Amino acid sequence: MVHLFETVFSKFGRVLLAEKMALDKQNEGKILPMDENKENTTEDGIGLEILQIIKDSQQQHGLRHGDYQRYRGYCSRRLRRLRKTLGFKCGNRHKFTGKKVTVEMLSDNRYSDNRYLLLVLMEAERAWSYSMQLKQEANTEPRKRFHLLSRLRKAAKHGERLEKLCESPRVDAKTKLEAQAYTSYLSGMVRFELQEWKDAMEAFNKCKTIYEKLASAFTEELAVLYHQRVEEISPNIRYCAYNIGDQNAMNELMQMRLSAGGGGGMMAEKLEALITQTRAKQAATMSEVEWRGRTVPVKIDKARIFLLGLGDNEAAIAQAANEETKERLYETLLAECRDTIQAVREELKTEAKQRERSDEASGKVSNLQFLHSYLTYIKLWTVVKRNESMAHMLQAKLKEPQTDENKRGPRPQDLIRLYDIILQSLAELSTLQGLEEDHTFQKEVALKMLVYKAYRCFFIAQSYVLVKKWSEALVLYERVLKYAKEVQSKAKSLNNSLKDLPDVQELITEVNAEKYSLQAAAILDTEDAPEAPSQQKVKDNTPLCERLETFHLDPTLVGKQPNLVQFPPDFQPIPCKPLFFDLALNHVAFPPLDDKVEQKGKGGLTGYIKGIFGFGS
């Protein structure tokens, strides 16, 4: 009986196992339909599109958002499925038995399956993704860098195994070249992390050369992927060249960041990281900065790196090809500036505590506080320039004809909001510590505020023109001319104060033209109004019930409060009921009644007591 049950259960278990394996294969086919086409074995030999497989896997499983942990989990699951499908398991759940794919196995017809190559490729990808995950975590936990290097070496070792397997005569030439490029990339990454710049540069150059040759050998559609890989490797090559001694490599990195356009992604993040590392090395030689005639020592590393790259960032913004790229660069600069200001604030708190302990009191602004004012000035002025750039873009769109009536286009109110932010930033500039006594700086800020007030007033007038409020718009145009002339009179005493500001003379010319256009539109609007008959123009507040015999065109009758009757009605005089007052009673003399009133007798003390207690009543 027991033997019968064991037989039944063993058969049932085999059926379940077979169904589960079939389900796994079906799921694998559903999840990766593209990979099955890329991993097929050709008649000429074993082929594997290595770069296409890893790129598709990375984009579909986390690396589009920089999630290396998710991609690592995917590689582990896929390795398990491959081993199970190929029957190439490393032992069982109780004992591990290592198995490795060898060249001799690929020479055997029984193992002529490209999935054995894919097995080694997934092992390399799993180790590489783990190292990249540790690299992200090493920013806060430096000890993880040792584990990072260990996993990266492991990935390079798997890459070398893949390259040796591809030396088999059964593997086609394209797969061999891709395996060599992949191995060179991983070994270059190891050398890059170890800061062995020359060896890393040689490995990356080898990888780049192979991918360029592959791109030239195939059609344009297939070559796109190889060109993308070359673009990813190029920043690393430039950075290695800079560390070896090529001073032009930094400029090339900046140009590559500009060519990356407005999009973010891994490429832009890698460029930013490399540029930051380069500036960190250059910042070691920077010790002070001069602003408004005062030299301030810079001891904070973050401030050194930011100030060192400020000129490069401003040059990159000036060279930006389109508004999207310029906007992205402005946001990057503002984010770096905010982080630097926060680091200086932390130092200011420490300095304030030290002053409290030593009871030092000095009216002069400290060097650290002046540095904080300088960084705040950079942030606020960058906000001004960014909003001014956005205003120019909106102003150009305002002048374009509107093609789609259903789509909401830019309006003057949008520009008013931008100039409000600009004026708010300039007001904060005038309150910076250490610059209260700098009269030249205060005059420059006041002059800039006048310029932007003129532009803000101009667009307010434009918004009134749209709703046909001609008189209000005309008054605002006069105010714009007043501001502009005041700017021109004050700018003569301040040299080079208007070089970074919009052209005021151009604004005056535009306002004069708008004034004439406004006056003409107001006259035409008055002439177009239909003239009503004289009897209809009479304004009469008499209710309708009192003027039924006379026709007046009264638009209030169809409104929410028609004048039909007077309510509440007025008071009217009416006859009242007479009131009678009896006045004769006051003059009537009543007869004396003393003889009729009963006289009370005197009872003495006893009667008094009885009277108190009520006995005599």
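Counting from 1, residues in each chain are numbered in the order their sequence is written. It should be noted that, the model being predicted, local features are given only for residues of pLDDT at least 70 and side-chain atom pairs only at 80 or more, the latter also being counted only at that level, while totals for whole chains, interfaces and linings use all residues. Side-chain numbers come from the whole structure's heavy atoms, not from hydrogens or water.

- Per an unreviewed UniProt entry, the protein chain is named Signal recognition particle subunit SRP68, and its organism is Oncorhynchus tshawytscha.
- The heading Function (unreviewed entry) in the UniProt record of the protein chain holds the text "Component of the signal recognition particle (SRP) complex, a ribonucleoprotein complex that mediates the cotranslational targeting of secretory and membrane proteins to the endoplasmic reticulum (ER). The SRP complex interacts with the signal sequence in nascent secretory and membrane proteins and directs them to the membrane of the ER."
- UniProt positions are given in the numbering used here, feature names are shortened, and annotations may be inferred rather than shown by experiment. Under the Sequence similarities (unreviewed entry) heading, UniProt states for the protein chain: "Belongs to the SRP68 family."

Quick notes on the overall build of the protein chain
- Numbered from the N terminus, helices here are DSSP runs of H or I no shorter than four residues, and strands are runs of E no shorter than two. Of regular secondary structure, the protein chain possesses 21 helices and 2 strands.
- Here, residues are in contact when the closest pair of their heavy atoms is within 4.5 Å. For the protein chain, the proportion of contacts with a sequence separation of at least 24, taken over those separated by at least 6, is 67%.
- Total accessible area on the protein chain is roughly 38,900 Å²; 53% of this is exposed by carbon and sulfur atoms. Here the accessible surface of atoms and residues is derived via Shrake-Rupley with a 1.4 Å probe, and residues count as covered only by protein chains that are part of the display.

Focus on a nonpolar patch on the surface
- Nonpolar side chains (Val, Leu, Ile, Met, Phe, Trp, Tyr) are joined into patches within 5 Å and like charges within 9 Å, using only residues with over 30% relative accessible area and no salt bridge. Salt-bridge detection follows one rule: a side-chain nitrogen of Lys or Arg within 4 Å of a carboxyl oxygen of Asp or Glu. A cluster of nonpolar residues, Leu564, Val565 and Phe567, forms a patch on the protein surface that exposes about 350 Å² of accessible area.
- Turning to its location among the elements, leucine 564 is positioned in the loop between helix 20 (534-537) and helix 21 (604-613).
- When a residue's accessible area, from a 1.4 Å probe over protein chains only, is under 20% of the maximum for its type it is buried; when over 50% it is exposed; and in between it is partly exposed. By relative accessible area, leucine 564 is classed as partly exposed at 40%.

Points about the pairing of strand 2 (residues 294-297)
- The alternating pattern of strand 2 places Arg294 and Val296 on a buried face and Thr295 and Pro297 on a face that is not buried.
- Here strand 1 (residues 288-291) pairs with strand 2 via 4 bridges, running antiparallel. Paired with valine 289 across the strands is valine 296, a residue of strand 2. In this scheme, strands are said to pair when DSSP sees at least two bridges between them.

Things to note about the packing of helix 13 (residues 301-318) against helix 15 (residues 367-399)
- What counts as an axis is a line fitted to C-alpha atoms, over the stretch in contact for a helix, and the angles between N-to-C directions run from 0 to 180 degrees. As a packed pair, helix 13 and helix 15 sit with axes 13 Å apart at the nearest point and diverge in direction by 35°. For the element pair helix 13 and helix 15, the recorded crossing hand is left-handed. Within the contact between the two elements, helix 13 uses Phe306, Leu307 and Leu310 and helix 15 uses Leu371, Tyr374, Leu375 and Ile378.
- Of the residues that constitute the contact of helix 13 with helix 15, the class distribution is 7 nonpolar, no polar and no charged. A clockwise turn of the near helix away from the far one marks a right-handed crossing, whereas an anticlockwise turn of less than a right angle marks a left-handed crossing. Gly is placed with the polar residues, together with every amino acid not listed as nonpolar (Ala, Val, Leu, Ile, Met, Phe, Trp, Tyr, Cys and Pro) or charged (Asp, Glu, Lys and Arg).

Concerning the pattern of salt bridges
- Under the criterion given, the structure shown has 19 salt bridges.
- A salt bridge links lysine 135 to glutamate 193, with the shortest nitrogen-to-oxygen separation between them at 2.7 Å. Highlighted residues: lysine 135 in helix 6 (residues 115-137) and glutamate 193 in helix 8 (residues 173-193), separated in sequence by 58 residues.
- Ionic contacts of the salt-bridge type, sharing partners, join the residues Lys55, Arg229 and Glu232 into one network.

Structural notes on the packing of helix 15 against helix 17 (residues 439-466)
- Contact geometry for helix 15 and helix 17: axes closest at 14 Å, N-to-C directions at 25°. Looking at the two axes, helix 15 sits roughly parallel to helix 17. The way helix 15 lies across helix 17 gives a crossing that is left-handed. Here Tyr377, Trp381, Val384, Glu388 and Gln395 of helix 15 lie close against helix 17, whose contacting residues are Phe441, Lys448, Tyr452 and Phe459.
- For the contact of helix 15 with helix 17, the class distribution of residues is 6 nonpolar, 1 polar and 2 charged. Put simply, angles under 35 degrees are roughly parallel, angles over 145 are roughly antiparallel, angles from 65 to 115 are roughly perpendicular, and the rest are oblique.

Considerations on the environment of asparagine 139
- Locating asparagine 139 in the fold gives a position in the loop between helix 6 and helix 7 (144-165).
- Two N or O atoms form a polar contact when they lie within 3.5 Å of each other; inside protein one atom must be a possible hydrogen donor and the other a possible acceptor, and for residues adjacent in sequence the pair counts only when both atoms belong to side chains. Here the side chain of asparagine 139 touches glutamine 136 through a polar contact of 3.3 Å, landing on its backbone oxygen.

Section: the environment of glutamine 442
- With respect to the element layout, glutamine 442 can be found in helix 17.
- Each C-alpha atom of the pair glutamine 442 and serine 430 lies 6.1 Å from the other, and the pair is 12 residues apart in sequence.
- Contacts of glutamine 442, omitting those with residues within four sequence positions, involve Ser430, Leu435 and Glu436.

Digging into the pairing of strand 1
- Residues Val289 and Trp291 line the buried face of strand 1, whereas the alternating positions Glu288 and Glu290 sit on a face that is not buried.
- The hairpin formed by strand 1 and strand 2 contains 2 residues between the paired strands, and arginine 292 there has a positive phi angle of roughly 55°.

Focus: the nonpolar core
- In this structure, Leu307, Ile378 and Leu426 are the most contacted members of the largest nonpolar core, which totals 72 residues.
- Secondary structure elements with two or more residues in this core: strand 1, helix 13, helix 14 (323-358), helix 15, helix 16 (412-429), helix 17, helix 18 (470-491) and helix 19 (504-528).
- Per element, the largest residue contribution to this core is 14 residues, and it comes from helix 17.
- Counting residues in each nonpolar core, the second largest holds 60 residues, with Met105, Leu186, Trp197 and Ile210 among its members. We define the nonpolar core as a collection of buried residues of types Ala, Val, Leu, Ile, Met, Phe, Trp, Tyr and Cys that are connected through side-chain atoms lying within 4.5 Å of one another.

Examining helix 4 (residues 68-86)
- With 19 residues, helix 4 should reach 27 Å at 1.5 Å per residue; the first-to-last C-alpha distance of 27 Å fits that figure.
- Looking at helix 4, one finds that the buried residues are Tyr68, Tyr71, Tyr74, Cys75, Arg78, Leu79, Arg81, Leu82, Arg83, Lys84 and Leu86.
- For helix 4, the N-terminal capping position is held by aspartate 67, with its side-chain oxygen 3.5 Å away from the main-chain nitrogen of glutamine 69.
- The positive-phi residue at the C-terminal boundary of helix 4 is glycine 87, with phi of around 65°. Here the expected span of a helix is defined as 1.5 Å times the quantity of residues minus one.

Observations regarding the packing of aromatic side chains
- In this analysis, rings of Phe, Tyr and Trp, with Trp reduced to its six-membered ring, are considered paired at centre separations within 6.5 Å, and the interplanar angle assigns stacked below 30 degrees, edge-to-face beyond 60, and tilted for intermediate values. Enumeration according to the criterion identifies 20 aromatic pairs in this entry.
- When the ring of tyrosine 185 is compared with that of phenylalanine 204, the centres are 6.3 Å apart and the planes differ by 55°; the resulting orientation is tilted. One end of the pair, tyrosine 185, is in helix 8; the other, phenylalanine 204, is in helix 9 (residues 197-217), with 19 residues separating them in the sequence.
- Accessibility expressed as a relative area gives 0% for phenylalanine 204, which makes it buried.
- Among the aromatic residues, those joined into a ring-pair cluster are Tyr419, Tyr452, Tyr455, Phe458, Phe459 and Tyr477.
- Only lysine NZ and arginine CZ atoms are considered, and such an atom sits over a ring when it is within 6 Å of the ring centre and within 35 degrees of the ring normal. Between arginine 229 and the ring centre of tyrosine 185, over which it is positioned, the NZ or CZ distance is 4.2 Å.
- Here the basic side chain of lysine 448 rests over the ring of tryptophan 381, its NZ or CZ set 4.1 Å away from the ring centre.

Focus on the environment of alanine 491
- Looking at where alanine 491 falls in the secondary structure, it is placed in helix 18.
- Sequence separation between alanine 491 and glutamate 444 is 47 residues, and the spatial gap between their C-alpha atoms is 8.8 Å.

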